[in-house]
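Close look at the chain arrangement
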Amino acid sequence: MNTLNFNKYRPPILPVEMMDEAGTIIHITPPTVDLQEELRARMPELSALLDGDNDDVRAGFFELAARLMSCNRNMRKITPEQIRDTFRLDEEDLVVFFHAYAEFVTGIENAKN
C-alpha cells in the first residue's frame, strides 16, 4: 500500500483575491453536489443579474456566491453582506466570479475522467 503523504497532496482550489484593503485571498474548494447543481441551474439567469431590475434575483446570486465562497480551505464563513460591503463586489464582479467558478468545476470534472 502506498503512503498517503499530505505534504504532497494538493486538493483543487480556486484562489480568489478580494478587493478589500487587506487583499484577502480565499482558497475556494469544490462545491457540494447540491451547490454544483444549483449553480448549473442558475447560470442561464446571470444576464438578469446585470439588468439590476430584480432585487430578488440580485439577492439570490449574492447568497449563492456566499455559499460557494464559504466552501474554502480558510474555514471562513462568507456572507452576502461581506461580499458587497467588505469585499466590494458588485453584480458585474459576481458574473465574472460565477464564470471563473464554473470553469474551475468543469476542470475538476474533466480531470476525473
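Details of the structure are given in the entry above.
In this convention, every chain numbers its residues from 1, walking through the sequence in written order. Local features in a predicted model are, by the rule used here, given only for residues with pLDDT of at least 70; side-chain atom pairs are given and counted only at 80 or more, and totals for whole chains, interfaces and linings are based on all residues. Side-chain numbers come from the whole structure's heavy atoms, not from hydrogens or water.

With that out of the way, let us pick up a nonpolar patch on the surface. A patch consists of residues exposed above 30% relative accessible area that lack any salt bridge, with like charges linked at up to 9 Å and nonpolar side chains (Val, Leu, Ile, Met, Phe, Trp, Tyr) linked at up to 5 Å. Methods summary: accessible areas were calculated by the Shrake-Rupley approach with a probe of 1.4 Å, and residue burial reflects only the protein chains presented. Counted as salt bridges are all cases of a side-chain nitrogen of Lys or Arg within 4 Å of a carboxyl oxygen of Asp or Glu. A surface patch of nonpolar side chains, amounting to about 380 Å² of accessible area, comprises Leu4, Phe6 and Tyr9. For Leu4, the position within the fold is in the segment before strand E1 (14–17). Residue exposure (1.4 Å probe, protein chains only): buried if accessible area is under 20% of the type maximum, exposed if over 50%, otherwise partly exposed. Given the relative accessible area of 60%, Leu4 is considered exposed. In this description a helix means any DSSP run of H or I spanning at least four residues, a strand means any run of E spanning at least two, and both kinds are numbered starting from the N terminus.

On to helix H1 (residues 33–42). Every buried residue of H1 is listed here: Leu35, Gln36, Leu39 and Arg42. Down the axis of H1, the buried side of the element spans an arc of 135°, and every buried residue falls inside it. Within H1, the exposed residues directed more than 90 degrees away from the buried face are Val33, Asp34 and Ala41. By definition, the arc is the one covered by directions from the helix axis to the C-beta atoms.

A helix is expected to reach a length of 1.5 Å times the quantity of its residues less one. With 15 residues, helix H3 (residues 55–69) extends 21 Å between its outermost C-alpha atoms, agreeing within 8% with the 21 Å of an ideal straight helix rising 1.5 Å per residue. Contacts described as polar in this section are N or O atom pairs within 3.5 Å, which, within protein, must combine one atom able to donate a hydrogen with one able to accept it, while residues neighboring in sequence count only if both atoms come from side chains. Near the N-terminus of H3, the side chain that reaches the backbone nitrogen of Asp56, with its oxygen 2.9 Å away, is that of Asn54.

The next thing to look at is the side chain of Arg42. The residue Arg42 is located in helix H1 in this model. Contacts between residues were defined by any pair of non-hydrogen atoms, one from each residue, lying within 4.5 Å. Not counting residues up to four positions away in its chain, the partners in contact with Arg42 are Val57, Gly60, Phe61 and Leu64.

Okay, the pattern of salt bridges next. Per the counting criterion, the structure on display carries seven salt bridges. Between Arg42 and Glu45 there is a salt bridge whose closest N-O contact spans 3.3 Å. Residue Glu91 pairs with Arg58 through a salt bridge whose shortest N-O separation is 2.7 Å. A residue pair is termed long-range when its members are at least 10 positions apart, and Glu91 in helix H5 (residues 91–112) and Arg58 in helix H3 qualify at 33 residues. Within this structure, Glu38, Glu63 and Arg67 form a network of salt bridges that share partners.

As a further point, take the nonpolar core. Ile83, Phe97, Phe98 and Tyr101 are the most contacted members of the largest nonpolar core, which has 30 residues in total. Elements with a contribution of two residues or more to this core: E1, strand E2 (25–28), H1, helix H2 (46–51), H3 and H5. Aside from chain neighbours lying at most four places away, what touches Tyr101 is Leu14, Ile28, Thr29, Pro30, Pro31, Leu39 and Leu68. Only buried Ala, Val, Leu, Ile, Met, Phe, Trp, Tyr and Cys residues count toward a nonpolar core, and they belong to the same one when joined by side-chain atoms within 4.5 Å.

The contact between H1 and H3 brings their axes to 11 Å, and the two run at 145°. With respect to the hand of their crossing, H1 and H3 are arranged in left-handed fashion. Between H1 and H3, the contacting residues are Leu35, Glu38, Leu39 and Arg42 on the first element and Val57, Gly60, Phe61, Leu64, Arg67 and Leu68 on the second. Residues that form the contact of H1 with H3 fall into these classes: six nonpolar, one polar and three charged. To get an axis, a line is fitted to the C-alpha atoms, and for a helix only the part in contact is used. The angle between two axes follows their N-to-C directions and goes from 0 to 180 degrees. Take the far helix as the reference: if the near one is turned anticlockwise from it by less than a right angle, the crossing is left-handed, and if turned clockwise, right-handed. Gly counts as polar in this scheme, as do all residues outside two lists: the nonpolar Ala, Val, Leu, Ile, Met, Phe, Trp, Tyr, Cys and Pro, and the charged Asp, Glu, Lys and Arg.

What follows covers unusual backbone geometry. Within the chain, Met75 stands out as a residue other than glycine whose phi angle is a positive 60°. Tracing the backbone shows Met75 in the loop between H3 and helix H4 (80–86). In this structure, Arg88 takes a positive phi of about 60° despite not being glycine. With respect to the secondary-structure elements, Arg88 resides in the loop between H4 and H5. Arg88 sits in the partly exposed class, given a relative accessible area of 43%.

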